[in-house]
Amino acid sequence: MSTAIRALEAGGLVVRDQLEGNARSVALVPTAQASTSVARINAYWTTLLREVPDDVLAEAVNATPVLAAIAEAIRRRSEGASGPG
């Protein structure tokens, strides 16, 4: 985790903000550059999704609950897994 945080800091995407009253804790605060990057990513995906036919998008929306259930089952299994088996 700390490697990922250092990479985000080095990229100018987050800064550490010392929490008041707790010298050992910091908050990670997104920078303006991070907000700009997220906006660009959202714009990119919006452009791509506008090219997808409406019926295909509707099917994707309909599949969302099933995909969420699969993700939840995988999450539960990985939390309960103590080793190969």
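These numbers come from a predicted model, not from an experiment.

Calculation notes
For every chain, the first residue of its written sequence is number 1, and the numbers climb from 1 along that sequence. Under the rules for a predicted model, residues below a pLDDT of 70 receive no local features and side-chain atom pairs below 80 are neither given nor counted, while totals for whole chains, interfaces and linings still include all residues. Side-chain metrics rest on all non-hydrogen atoms present in the structure, leaving aside hydrogens and water. Like-charged residues within 9 Å of one another, or nonpolar side chains (Val, Leu, Ile, Met, Phe, Trp, Tyr) within 5 Å, are grouped into patches, provided each residue has over 30% relative accessible area and no salt bridge. Accessible surface is estimated by sampling points in the Shrake-Rupley manner with a 1.4 Å probe; for residues, cover comes only from the protein chains shown. Salt bridges, as used here, are contacts in which a Lys or Arg side-chain nitrogen is within 4 Å of a carboxyl oxygen on Asp or Glu. Elements are defined by DSSP. Helices are runs of H or I of four residues or more, strands are runs of E of two residues or more, and each kind is numbered from the N terminus. Buried, partly exposed and exposed residues are distinguished by accessible area as a fraction of the type maximum, computed with a 1.4 Å probe on protein chains only: under 20%, between the cut-offs, and over 50%, respectively. Contacts between residues were defined by any pair of non-hydrogen atoms, one from each residue, lying within 4.5 Å.

J.: What is the right way to read a nonpolar patch on the surface from this model?
T.: Together, Ile 41, Tyr 44, Trp 45, Leu 48 and Leu 49 make up a nonpolar patch on the protein surface, roughly 510 Å² of accessible area in all. Tracing the chain through its elements places Ile 41 in helix α2 (residues 32-50). On the accessibility criterion, Ile 41 (48% relative accessible area) is partly exposed.

J.: Help me understand the environment of Leu 13, please; the structure alone is not making it clear to me.
T.: Looking at the element boundaries, Leu 13 is found in the loop between α1 (2-10) and β1 (14-18). With relative accessibility at 24%, the residue Leu 13 sits in the partly exposed group. Separated by 50 residues in the primary sequence, Leu 13 and Ala 63 place their C-alpha atoms 33 Å from one another. Leu 13 has contacts with Leu 8, Val 29, Pro 30, Thr 31, Gln 33, Ala 34 and Ser 37, leaving out every residue within four places of it along the chain.

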